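# Survey of secondary and tertiary structure
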Amino acid sequence: LLRAAKMDDVELSLTLCDDAAIQALNKEHRAKDKPTDVLSFPLEDQYMLGDLVISYDTSVRQAEARHHALRDELRILMVHGLLHLIGYDHEESEEEYREMAAAEQKLMKRLGWEGEGLIGAAEDEQEGEP
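Now for a look at the structure at hand. (Residues numbered from 1 in each chain as written. Predicted model: local features only at pLDDT ≥ 70, side-chain atom pairs only at ≥ 80, totals over all residues. Heavy atoms only, no water.)

## A look at the overall build of the protein
A tally of regular secondary structure across the protein gives five helices and three strands. Its helices and strands in sequence order give the protein the pattern β-α-β-β-α-α-α-α, from N to C terminus. Taking 130 residues into account, the globule formula puts the C-alpha radius of gyration at 14 Å, and the protein, at 14 Å, falls close to it. A burial count over the protein gives 40% of its 130 residues as buried. Long-range contacts, defined as pairs at least 24 residues apart, comprise 54% of the intrachain contacts of the protein with a sequence gap of at least 6. (Helix = DSSP H or I, 4+ residues; strand = E, 2+ residues; numbered from the N terminus. Rg over C-alpha atoms; globule rule 2.2 N^0.38 Å. Buried < 20%, exposed > 50% of the residue type's maximum accessible area, 1.4 Å probe, protein only. Contact = heavy atoms within 4.5 Å.)

Written as structure tokens, this is what we have:
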């Protein structure tokens, strides 16, 4: 993932947890008392980008709902989380939203991974597509 993002001189940590653990982190750091799929915690370090935390429970549900493998859902969440670590934030503005969606698709394609990214999947769900 980092090599495909042309960032092979840095590292990140990845933690898989359950919904209860990610809900506690989401409440503490974002004041949202509910589980989420992925959280990103950037670090200001030369070699360590930061921490990605992914809810395994939510990943399983989303993979089933989106009709793809759990592996694919985890890949999508890692790409999304990585982009947050390097400064993208789809919640800031419409322009930032579009830029992050395009970056997700570009990185997924560069990796040869199936899917359109988390933003695209969320858009499809809002439009009623699986």
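## Structural notes on helix α4 (residues 94–111)
For α4, spanning 18 residues, the distance from its first C-alpha to its last is 26 Å, which sits close to the expected 26 Å at 1.5 Å a residue. All of the buried residues in α4 are Glu-96, Met-100, Ala-101, Ala-103, Glu-104, Leu-107 and Met-108. Seen end-on, α4 carries its buried residues on one side only, within an arc spanning 165°. Opposite the buried face of α4, at more than 90 degrees from it, the exposed residues are Glu-94, Lys-106 and Lys-109. In the stretch just after α4, Gly-112 is the one whose phi turns positive, near 75°. (Expected span 1.5 Å × (residues − 1). Arc of directions from axis to C-beta.)

## Quick look at the pattern of salt bridges
Throughout the structure, instances matching the rule amount to six salt bridges. Among the ionic pairs, Arg-66 bridges to Glu-73, the shortest N-O distance being 2.8 Å. In terms of burial, Arg-66 and Glu-73 fall into one category: buried. Note that Asp-72 and Arg-71 form a salt bridge whose closest N and O atoms lie 3.9 Å from each other. Residue Asp-72 is classed as buried on the basis of its relative accessible area, which comes to 15%. Several salt bridges share partner residues, and in doing so they unite Arg-71, Asp-72 and Arg-75 into one network. (Salt bridge = Lys/Arg side-chain N within 4 Å of Asp/Glu carboxyl O.)

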